[in-house]
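Residues per chain, in single letters:
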Amino acid sequence: MAEDLVLTGVTKRFGTMTAVDELSLTVPQGSFFALLGASGCGKTTTLRMVAGLEEPSVGTIRLGDQDITALRPYRRPVNTVFQSYALFPHLDIGENIAFGLRRRGRRDVAAKVAEMLELVQLPGYEKRRPAQLSGGQQQRVALARALVNEPRVLLLDEPLGALDLKLRRQMQIELKRIQTEVGTTFLHVTHDQEEAMWMADTVAVMNEGRIEQQGAPTDIYEFPVNPFVSNFLGQSNLFAAEVAGRSGADLELTAHGARFAAPAARARSTEGRVWLGVRPEKVRLTAPGEPAPAGHNQVRGVLTDTCYAGVSTEYLLRTPWDQEMSVFSANQSAGEPLAPGTEVVAYWYPAHSFVLDRPAGSGDEVAQYAADPLGVAP
C-alpha cells in the first residue's frame, strides 16, 4: 500500500479560535509537497499536528495504513527540520548527525554519518562544531541529522527563512536535489511563493485554516481558482467585467466601457459578473504614440511609477477608470525605463487572460486583493 500522508477533516481549535478548519489533503508518497500561506493561515499548526506536537481537535492523520493521530511524537516515522537548525552546540557535526542513531542503538553509526555528509556535500566536516559553519552549512547538517533516521516523511518548517537571498536560492536547489535522490516524502511549510514554486511538485495554498487551491505550481499560477490565489501565488491584474457573449472558443467581455476576449477554457465562470485577469509579465507596453497590435486586449493609461529590478522593470499604469495596473517588462536593452507621466497602451494576447467568478456584493474594486504592486513579492 502506498505510504501517502492523508489528513481527513482535521480541525484545530485554540479556545474560540480555529487555526485549521476541516482540512483534508493527501501528500503522495515520495513527493515534494508545499503548504503555502501567510502568517497565521494555519500551515505551521498543520505541520505540528503531523509531527505530533499538537493534537487535532477533530479529524484523523494517517501514514499509509497506520493511523498516527494519537501517536506520541517520538513514535511517529517523521522528522522535522526547523528554521532555527536546533543543532547541539557542544557536539561536533558527526555527533549531531549521529544523535538519533545512537538513541536507537544503531551500530553502523560512522558509515551512516559519512553517507549523510556526502549527501549534503559536507564530507570531512565530522569534527567541526556548529559555530564553525555558515548558516547554509548548518542547515545542511540539520537536514542530514533528520534524514539519517530514515523517516517516511520529512517535515520542513520554513527551513530557509534565516538565510540571505543568494544562499536561500542555493539551498532551494540543494533541497530539491536531495529530495529527488533519497525519495523521501517532503512536506514543506513556507510563506515564500517563489520557494514553493521552485521546489514543490504540488502546492497547496492555505488561507484562514483552509486549502484555497491545490495542484502543480504551473496549474495554480496559470489558472487560479479565485482572486485570493491569483494575488498570493504571484500577482495579477483583475478588472471587474461582465460576460457579453461567446465568439467561438472565446468569451466576449465588457469592462468599464471597453471590450475584451478570453478563452472559455480559462474561465471559472462563463456568465454574468466576473473578474478578467492577466498576469503583469504577460502584458506589453507600446512606445509613446504607437498603436497596439491588432487582435490584442488593450488598456490605455498613464504611467504613474516604475521600479527597476535588474532583470525587469515594473510599471504602474493608471487606467481611465482610475485603477492601477501592473506591467512587468524584461530589461532586454540598456535603455532607460519609460518615465512616469508617459501615455501608453498596455496590451496582451486574449489567450493569456483568465476569468474568475465575481459574486454579487463583491463590488467593482480589487483593492482587497492587491499584493504590494511595487514591491518584490516575498
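Residues numbered from 1 in each chain as written. Predicted model: local features only at pLDDT ≥ 70, side-chain atom pairs only at ≥ 80, totals over all residues. Heavy atoms only, no water.

Peer 1: If you had to explain the environment of Gly-277 to someone new, which residues and values would you point to?
Peer 2: If you trace the backbone, Gly-277 turns up in strand 14 (residues 273–278). Since its relative accessible area comes to 1%, Gly-277 is described here as buried. Sequence spacing of Gly-277 and Ser-230 is 47 residues, and the spatial spacing of their C-alpha atoms is 8.5 Å. What Gly-277 contacts, discounting residues up to four positions off in sequence, is Asn-237, Leu-238, His-352, Ser-353 and Phe-354. (Helix = DSSP H or I, 4+ residues; strand = E, 2+ residues; numbered from the N terminus. Buried < 20%, exposed > 50% of the residue type's maximum accessible area, 1.4 Å probe, protein only. Contact = heavy atoms within 4.5 Å.)

Peer 1: Can you break down the side chain of Thr-202 residue by residue, with the values?
Peer 2: Within the element layout of this structure, Thr-202 appears in strand 9 (residues 202–207). Residues contacting Thr-202, with those up to four places away along its chain left out, are Phe-32, Phe-33, Ala-34, Gln-214 and Gly-215.

Peer 1: Residues and numbers for the sheet that holds strand 2 (residues 17–27), please.
Peer 2: Pairing within the open sheet is antiparallel, and its four strands lie in the order 2-1-4-5. Edge positions in the sheet fall to strand 2 and strand 5 (66–67), since each of these pairs with one other strand and no more. Inspection of the sheet shows strand 1 (residues 5–14) paired to strand 4 (residues 58–63) by five bridges, in the antiparallel sense. Bridge assignment links Leu-7 to a residue of strand 4, and that residue is Ile-61. Against the sheet, helix 1 (residues 43–51) touches strand 1, strand 2 and strand 4, its axis set at about 115° to strand 1. (Pairing = 2+ DSSP bridges. Axes fitted to C-alpha atoms, helices over the stretch in contact; angles between N-to-C directions.)

Peer 1: Explain unusual backbone geometry residue by residue, including any values.
Peer 2: The backbone of Glu-22 shows a phi angle near 50°, a positive value even though the residue is not glycine. Along the chain, Glu-22 falls in strand 2. With phi around 65°, Asp-322 is a residue other than glycine that occupies positive phi space. Secondary-structure assignment places Asp-322 in the loop between strand 17 (312–318) and strand 18 (324–330). For Asp-322, a relative accessible area of 56% translates into the label exposed.

Peer 1: Run through the domain arrangement of the chain, naming residues and quoting values.
Peer 2: By the assigned domains, the chain splits into domain 1 (5–221) and domain 2 (235–287 + 295–357). A straight line from the C-alpha centre of domain 1 to that of domain 2 covers 38 Å. (Domains from an automatic or database assignment.)

Peer 1: I'd love a proper account of the UniProt feature "domain: ABC transporter" (unreviewed entry) in the chain, names of residues and values included.
Peer 2: As recorded in UniProt, the feature "domain: ABC transporter" (unreviewed entry) lies at residues 5–233. Taken end to end, residues 5–233 is 35% helix and 27% strand, and its first and last C-alpha atoms sit 24 Å apart. (UniProt positions renumbered as here; feature names shortened; annotations may be inferred.)

Peer 1: Go over the sheet that holds strand 16 (residues 297–308), please, and point to the residues and values.
Peer 2: Taken together, five strands build an open sheet; the order of strands is 15-19-16-17-18 and the sheet is antiparallel. At either end of the open sheet lies a strand with only one pairing partner, and these are strand 15 (284–285) and strand 18. Looking at chain direction, strand 16 and strand 17 are connected through six bridges and run antiparallel. Following the sheet pairing, Leu-303 is matched in strand 17 by Leu-317.

Peer 1: Before we move on, can you summarise the pairing of strand 18 with the specific residues and values?
Peer 2: Of the strand pairs in this sheet, strand 17 and strand 18 are connected by seven bridges, and their pairing is antiparallel. By the bridge assignment for strand 18, Ser-312 is matched with Ala-330. With antiparallel pairing between neighbouring strands as the criterion, strand 17 and strand 18 make up a hairpin whose turn holds five residues, including Asp-322 at a positive phi of roughly 65°.

Peer 1: Residues and numbers for the pairing of strand 2, please.
Peer 2: Each regular strand shows side chains that alternate between the opposite faces of the sheet. Relative to strand 2, strand 1 runs antiparallel, the two being bridged by seven bridges. In the sheet register, Leu-7 faces strand 2, and the bridge partner there is Leu-25. Remark: two residues form the turn of the hairpin made by strand 1 and strand 2, two consecutive strands paired antiparallel; Gly-15 in that turn has positive phi of roughly 65°.

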